[in-house]
Amino acid sequence: MKNSLDELLRVLEKLRAENHPEIPADVIKNIAVIQRDNQESVAVRQGRLKSYFDQITERLEEES
């Protein structure tokens, strides 16, 4: 599983850097980790992702 996640993260980082450099790299990694860690529960995963997106949105609003 670790190798698969590492490979996915490399691909996502390349896409992010080429197409959306304004998105911080840690955002992509954190989303992938949340997805992996909460595969068994859709409700938990969605709740954690929403919470994380809210945090990122707040951070971006403070920076602008």
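Everything below is about the structure shown above.
Residues numbered from 1 in each chain as written. Predicted model: local features only at pLDDT ≥ 70, side-chain atom pairs only at ≥ 80, totals over all residues. Heavy atoms only, no water.

Just to check I follow, could you spell out the side chain of Arg45 for this structure?
In this structure, Arg45 sits in helix 3 (residues 42-63). Judged by relative accessible area, Arg45 falls into the buried class, the value being 17%. For Arg45, the residues in contact, after removing those within four places along its chain, are Ile34, Gln35, Asn38 and Gln39. (Helix = DSSP H or I, 4+ residues; strand = E, 2+ residues; numbered from the N terminus. Buried < 20%, exposed > 50% of the residue type's maximum accessible area, 1.4 Å probe, protein only. Contact = heavy atoms within 4.5 Å.)

Please explain helix 2 (residues 25-37) as it appears in this structure.
Residue pairs three or four apart in sequence face the same way in an α-helix, which turns once every 3.6 residues. Between its first and last C-alpha atoms helix 2 spans 19 Å; for 13 residues at 1.5 Å apiece the expected length is 18 Å, and the two agree. Among all positions in helix 2, only Val27, Ala32 and Ile34 are buried. Mapping the buried residues of helix 2 onto a view down its axis gives an arc of 160 degrees, with all of them on the same face. (Expected span 1.5 Å × (residues − 1). Arc of directions from axis to C-beta.)

In this structure, what is going on with the pattern of salt bridges? I would like to understand it.
Two side chains with opposite charge may pair up if their charged atoms get near one another. In total, this model carries five salt bridges according to the counting rule given. Measuring nitrogen to oxygen at the nearest pair gives 2.6 Å for the salt bridge that ties Arg16 to Glu13. Of this pair, Arg16 and Glu13 both sit in helix 1 (residues 2-19), separated by three residues, roughly a single helical turn. The class of Arg16 is buried, set by a relative accessible area of 13%. We classify Glu13 as partly exposed; its relative accessible area is 28%. A salt bridge links Asp54 to Lys50; its shortest N-O distance comes to 2.9 Å. Of this pair, Asp54 and Lys50 are both found in helix 3, four residues apart, which corresponds to roughly one turn of the helix. We classify Asp54 as partly exposed; its relative accessible area is 37%. (Salt bridge = Lys/Arg side-chain N within 4 Å of Asp/Glu carboxyl O.)

In short, shape yes, function no, at least from these values alone.
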